[in-house]
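A structural walkthrough
Listed here are the chains, written in short residue letters.
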Amino acid sequence: MNSAPPNPVALSAVLITLNAGSQLEAALKSLRFCDDIVIVDSNSSDNTVEIATRHGARVVQQSWLGFGPQKQFAVTQARHDWVLCLDADERLSPELEHSIRAMMLQAGHGLLPKSIAGFDMPRCNYFLGRYLRHGEGYPDYSRRLFNRRLANWSDDAVHEKVELLPAGFHFEKLRGDLLHESAESLDSYLVKQNRYTSIQAQALAARGKWPSAGKMTLSPLVRFIKFYVARKGFLDGWPGLVHIAIGCFNRFIKYAKVRELMSKQREK
């Protein structure tokens, strides 16, 4: 077990894992300033649990519930109401740790405005050997730090989000990057994206949302113009082009899958 850094913060860091042994250690090292780290694992068969235990994390086993429900379950296991949610392939930059420490110091002294439910942080994605700092890749604000009495994770099986519970509260932004350092290959990234579009398509089909041909063709085009041109994705070189192109294709294929599912339902 690693020794704790000086001045630990009364903050719960929560992560969900499944065979994350190759990525988890860097994430946990960046969270050593938190005095409570919770790992909710889905019966990993690699060394995920060993690494988590070595870094002083509490490990709770929970069969897979879907991204939103799994993360919300993890939040309920925290010791503190203020929770910081990370994925195993993410880690905090030193500047972001400093921002979080400063915020928690304010909260501990009652100086944080009571209307603040949580914070968004810029997420910087590492893709094909490069950090993407334009287009859809940055700042990619992610809501990861919040008071669980005022917010929770949605029930979405994929593309889950943090939602406010009571009215009259809001989120603010933190300085410093949340570094997303996925080491996956382009091939594995495409496999994951295919799985995500299938989950999204099933949700849309269940709601009876038949996509028009115009939506299928124009939505990817509008997305490309927005992220590659207007938001200067071209400055991220060929990794930026590939990242945005895949996102546009995902938009098209998601609607195509919806049509396929709904057509099959009508034939029954």
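Definitions and cut-offs
- Residues numbered from 1 in each chain as written.
- Predicted model: local features only at pLDDT ≥ 70, side-chain atom pairs only at ≥ 80, totals over all residues.
- Heavy atoms only, no water.
- 1 Å grid on protein atoms, 1.4 Å probe; cavity = no way out; pocket = protein on both sides within 12 Å on 5 of 7 lines; lining within 4 Å.
- Points joined across faces, edges and corners; volume = space filled by probe spheres on them.
- Helix = DSSP H or I, 4+ residues; strand = E, 2+ residues; numbered from the N terminus.
- Nonpolar A, V, L, I, M, F, W, Y, C, P; charged D, E, K, R; others polar.
- pLDDT = per-residue confidence, 0-100.
- Pairing = 2+ DSSP bridges.
- Axes fitted to C-alpha atoms, helices over the stretch in contact; angles between N-to-C directions.
- Contact = heavy atoms within 4.5 Å.
- Core = buried A, V, L, I, M, F, W, Y, C linked by side-chain atoms within 4.5 Å.
- Buried < 20%, exposed > 50% of the residue type's maximum accessible area, 1.4 Å probe, protein only.

Observations concerning empty space enclosed by the protein
Counting across every chain of the model gives 1 cavity of 30 Å³ or more. Its volume calculated, the largest cavity comes out at about 60 Å³. In terms of lining residues, the largest cavity is bounded by Val-14, Leu-15, Ile-16, Lys-71, Ala-74, Cys-85, Leu-86, Asp-87, Arg-144 and Trp-153. Mapped onto the lining of the largest cavity, the elements with two or more residues apiece are strand S1 (9–17), helix H3 (67–76) and strand S4 (82–87). Class assignment of the residues belonging to the lining of the largest cavity gives a composition of 7 nonpolar, no polar and 3 charged.

Some remarks on the confidence of the model for the protein
Model confidence for the protein is summarised by a mean pLDDT of 93, while 97% of its residues fall at 70 or above. Taken element by element, the protein is modelled with least confidence in strand S8 (residues 130–131), mean pLDDT 90, and with most confidence in strand S3 (residues 58–61), mean pLDDT 98.

Structural notes on the sheet that holds S3
Judged by pairing direction, the sheet is mixed, and its 7 strands sit side by side in the order S3-S2-S1-S4-S9-S6-S12 without closing on themselves. Every other strand in the sheet has two partners, leaving S3 and strand S12 (170–173) as the edge strands with one partner each. If you compare each strand with its neighbour and ignore which way they point, the axes differ by 30° on average. Packed onto the sheet, H3 meets S1, strand S2 (34–41), S3, S4 and strand S9 (142–147) and runs at close to 145° relative to S1.

Points about the nonpolar core
If you look at the biggest cluster of nonpolar residues, it comprises 32 residues, and the most contacted ones within it are Leu-11, Leu-15, Leu-31, Leu-84, Leu-92, Ile-100 and Leu-145. Not counting residues up to four positions away in its chain, the partners in contact with Leu-11 are Phe-33, Cys-34, Asp-35, Asp-36, His-80, Trp-82, Val-83, Leu-84, Ile-100, Met-104 and Leu-145. Counting residues in each nonpolar core, the second largest holds 17 residues, with Ile-16, Val-40, Val-60 and Ala-117 among its members.

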